[in-house]
Amino acid sequence: MAFQMQAGPPRSKQDNSEALMWQQGGYGVLDSGVHSGATTGAHSIRDEEMDDGSLLFDLDSQGYSGFTTDQVDEMNAELNVTRSQRVRAAMFPETLDEGVEIPSTQFDPSVPTAVQRLAEPAQMLKHAVVNIINYQDDADLATRAIPELIKLLNDEDQVIVSNAAMMVHQLSKKEAARHAIMSNPQLIAALVRAISSSNDLDTTKGAVGTLHNLSHHRQGLLAIFKSGGIPALVKLLSSPVETVLFYGITTLHNLLLHQDGSKMAVRLAGGLQKMVSLLCKNNVKFLAIVTDCLQILAYGNQESKLIILASQGPIELVRIMRSYDYEKLLWTTSRVLKVLSVCGSNKPAIVEAGGMQALSLHLGHPSQRLVLNCLWTLRNLSDAATKVDGLEGLLQGLVNSLSSEDGNIVTCAAGILSNLTCNNQQNKVVVCQMNGIEALVRTVRAAGDREEITEPAVCALRHLTSRHPVSEMGQNAIRLSYGIPVVVKLMQPPSRWPLIKAVIGLIRNLALCPANHAPLREHGAIARLVHLLMRAYQDSQRRTSVSSGGSTALYPDGVRMEEIVEGTVGALHILARESHNRAQIRGMNVISIFVQLLYHELENVQRVAAGVLCELASDKEGADMIEREGATTTLTELLHSRNEGVATYAAAILFRMSEDKSSDYKKRLSMELSNSLFDRESMWGHEMGGPPPDFQDMLNPDTVFDSPVFSGPNPPTLSAYRGIFR
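Thresholds, definitions, all that
- Residues numbered from 1 in each chain as written.
- Predicted model: local features only at pLDDT ≥ 70, side-chain atom pairs only at ≥ 80, totals over all residues.
- Heavy atoms only, no water.
- Axes fitted to C-alpha atoms, helices over the stretch in contact; angles between N-to-C directions.
- Helix = DSSP H or I, 4+ residues; strand = E, 2+ residues; numbered from the N terminus.
- Parallel < 35°, antiparallel > 145°, perpendicular 65-115°, else oblique.
- Left-handed = near helix turned anticlockwise from the far one by under 90°.
- Contact = heavy atoms within 4.5 Å.
- Nonpolar A, V, L, I, M, F, W, Y, C, P; charged D, E, K, R; others polar.
- Phe/Tyr/Trp six-rings, centres within 6.5 Å; stacked < 30°, edge-to-face > 60°.
- Buried < 20%, exposed > 50% of the residue type's maximum accessible area, 1.4 Å probe, protein only.
- Lys NZ or Arg CZ within 6 Å of the ring centre and 35° of its normal.
- Expected span 1.5 Å × (residues − 1).
- Salt bridge = Lys/Arg side-chain N within 4 Å of Asp/Glu carboxyl O.
- Core = buried A, V, L, I, M, F, W, Y, C linked by side-chain atoms within 4.5 Å.
- pLDDT = per-residue confidence, 0-100.
- Polar contact = N/O pair within 3.5 Å; in protein donor to acceptor, adjacent residues only side chain to side chain.
- Arc of directions from axis to C-beta.

A. Broad picture of the packing of helix α20 (residues 392-401) against helix α22 (residues 425-433). Contact geometry for α20 and α22: axes closest at 10 Å, N-to-C directions at 45 degrees. Classified by the angle their axes make, α20 and α22 are oblique. Considering only the axes of α20 and α22, their crossing is right-handed. On α22, the residues that touch Glu392, Leu395 and Val399 of α20 are Gln426, Asn427, Val430 and Val431. Residues belonging to the contact of α20 with α22 are distributed by class as follows: 4 nonpolar, 2 polar and 1 charged.

Printed below as a string of structure tokens:
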């Protein structure tokens, strides 16, 4: 460096010349002694024999005629004198006197000096040292003050207690003092006693404010819990003072989130009832904390859900969903409703309070987490809302949600549509008019083998294709949307039985439309139905044997094989109304199974088996095949069945089988029919009703198939065959 760090003896002229030379080597920039050496070259080692005079050169020859050697010496001296001030200005600016001007050594604004580069880390270091000193001072102060504060908090004079509580609150705002406070159980206990016993507002605010500050640390939460602070905090939820309420609920919230045992303690202290009563407040941030506390307490605890119900919680929660637009509050409230929606007691209360409509208001919200929680809640509620009117807005939102790229949203939307279209003609018509059929077909096609989507979507399609004024439009819409091959394919592996069961019901409904018969046959629906029938029939036979041996038969995926048998035979019954379909069925060696099913213990199975045989018997070839299977005796016995549908089908089959028989045979059959009708006229107190409700209507494995016997508007009865053989 050209400038010495300390004052030394006077330099010779040669020394000054070398300094000047070094400055010139630095491109004419005067080196103050504090510049970085980043732009300078390293000193070369001089040979001792080198002539020192050769290093001297004329200043004027280098273009620095404006400065003399004396002037350079003067500048160097000035910079040396102000060096300590420059360092102080950079590192400790607060120590400089006002008005002092310090010369700058930065000639290039783009290149900071070494001191300038050290200024920021030096300031950080200084602040860190100051913080350490202050932290230690705070800790020492708190440690010395705590014993005295405990005495003051236990004093009988409420003014002294109030002042002590406020002093502890001030101390708790500093980190070091907080750690000292939370490490002293006696002080925490004194604060809790002050909250429980004092009616003074300042005392309460100071004490609960301290607990609030401590609750941000796990050690503080544990100290509050062990000191019995939860009952005291729950008591404060009745306070009319907003500050006290805020401190109380936020401290309880932190305890519920992070301290084991807090949930039970809050329940035992009556916290649920107090929190539900706070839902009438209008501070959205406060309500968001309250609802989150309710969700934590209700999750997985049936008793808590019933307490919320008894406190009119569902009504207030639905009101919040209708009244506010603060996203966090809507999200936390929807989470509470989602937890309550799986409770059989809360579910109808939420629906009755208008929960379906309130939740549907937010399906278009930009917050994905809010939309998903609303949909899951609606999904849980929807099986209890099948009779609710005025859901057009919700249905439209659900149809739109089917196009979402989020699989969870699509799953929920399909499930809700399935339940809301169950046995509700108005909802079925609305969804069909909103192009819901086409949207559901696209959903099934896009879902592939994701059965959590395909199963509810197929169930919704099944509901939309039967038992409402525009059901035929729905049956045609699936064909026109190229949905038949997609649906038929779902009867193949890897589909599980619940999905297969839903598809069978949909195909049965599609077969009600004559225009669908050929496409169904061409895409292999009949072959798949027969294959499933044989598989299910054989499996049910094996399970019957296992059950008779004393073992418990388990059902695959919760589906009884008798349901599959009933569903496939019912679908084949409708398909057999078309001549080409009957020919294909006759050629698949399945008539023998139909005849064996006439002996089945379930009347529904007997009915559908008799129905498909009735259709097959409309062709002479089919009637002959039925007779060759030995069905005559069984059918004659079924004339006396308690089920009018079974008896009617049996009579029709026997009539068609007797067309080429002798008159004596027809006479005996006529007498048998008349006797069976006479015997049952007093037994049946009603005519055959219309089609039963949608089978497997709810997405519930306990629900079984139940399909109508006749699809026409005026189904025949056994009395229609009175005298037909005479």
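B. Region of interest: the packing of aromatic side chains. Counted under the stated rule, the structure contains 1 aromatic pair. With centroids separated by 6.0 Å and ring planes inclined at 50 degrees, the aromatic side chains of Phe246 and Tyr247 adopt a geometry described as tilted. A residue is classified by how much of its surface remains accessible, and Phe246, at 39% relative accessible area, is partly exposed. With relative accessibility at 17%, the residue Tyr247 sits in the buried group. Above the ring of Trp331, the side-chain terminus of Arg335 is found at 4.8 Å from the ring centroid.

C. Spotlight on helix α16 (residues 327-340). The first and last C-alpha atoms of α16 sit 20 Å apart over 14 residues, in line with the 20 Å expected at 1.5 Å per residue. Here α16 lies mainly inside the structure; 10 of its 14 residues are buried. Those residues of α16 that fall on the buried side of the exposure criterion are Leu329, Leu330, Trp331, Thr332, Thr333, Ser334, Val336, Leu337, Val339 and Leu340. In the core, the buried residues of α16 are packed alongside α13 (284-298), α14 (302-310), α15 (313-323), α17 (346-352), α18 (355-360) and α19 (368-381).

D. Spotlight on the pattern of salt bridges. Evaluated as defined, the whole model comprises 15 salt bridges. One salt bridge in this structure joins Asp292 and Arg335, with 2.9 Å as the shortest N-O distance. Residue Asp292 is located in helix α13, and its partner Arg335 is located in helix α16; the two are separated by 43 residues in the primary sequence. A relative accessible area of 21% places Arg335 in the partly exposed class. The partner of Arg586 in a salt bridge is Glu621, with the nearest N and O atoms 3.5 Å apart. Taken together, the residues Arg586 in helix α31 (residues 579-586) and Glu621 in helix α34 (residues 620-628) connect sequence positions 35 residues apart.

E. Focus on the nonpolar core. Core analysis: the biggest nonpolar cluster contains 184 residues, and Met275, Leu398 and Phe594 have the highest contact counts within it. Looking at this core, the element that brings in the most residues is α13, giving 10 residues. Each residue touching Leu398, except ones within four places of it in the same chain, is listed here: Leu363, Leu375, Ala413, Ile416, Leu417 and Leu420.

F. Quick look at the confidence of the model for the protein. Averaged over every residue, the pLDDT of the protein is 82; residues scoring 70 or more account for 73%. Contacts for the low-pLDDT stretch residues 18-65, under 50 throughout, to residues beyond four places or in other chains number 63 contacts. Ignoring residues within four places in sequence, the model shows residues 680-692, a span with pLDDT below 50, making 27 contacts including any to other chains.

G. Examining the packing of helix α23 (residues 436-447) against helix α25 (residues 471-480) more closely. It is at 9 Å that the axes of α23 and α25 come closest, and there the two elements cross at 40 degrees. Judged by the inter-axis angle, α23 sits oblique to α25. When the axes of α23 and α25 are compared, the crossing they make is right-handed. In this structure, α23 contributes Ile437, Glu438 and Val441 to the contact, and α25 contributes Gly474, Ala477 and Ile478. Among the residues forming the contact of α23 with α25, the class breakdown is 4 nonpolar, 1 polar and 1 charged.

H. Up close: the side chain of Gln606. Here Gln606 shows up in helix α33 (residues 603-616). For Gln606, a relative accessible area of 12% puts it in the buried group. Only 2.6 Å separates the side chain of Gln606 from the backbone oxygen of His600, close enough to count as a polar contact.

I. Region of interest: α14. Taken together, the buried positions of α14 are occupied by Ser304, Lys305 and Ile308. The arc that holds every buried residue of α14, seen down its axis, measures 100 degrees, which confines them to one face. Residues of α14 that are exposed and point over 90 degrees away from its buried face: Glu303 and Ala310. Where the residues of α14 are buried, they touch α11 (262-268), α12 (271-277), α13, α15, α16 and α17.

J. Inspection of the side chain of Asp292 at higher detail. Residue classification places Asp292 among the buried residues on the basis of a relative accessible area of 13%. For Asp292, the side chain forms a polar contact with the side chain of Arg335, separated by 2.9 Å. Contacts of Asp292, omitting those with residues within four sequence positions, involve His253, Thr332 and Arg335.

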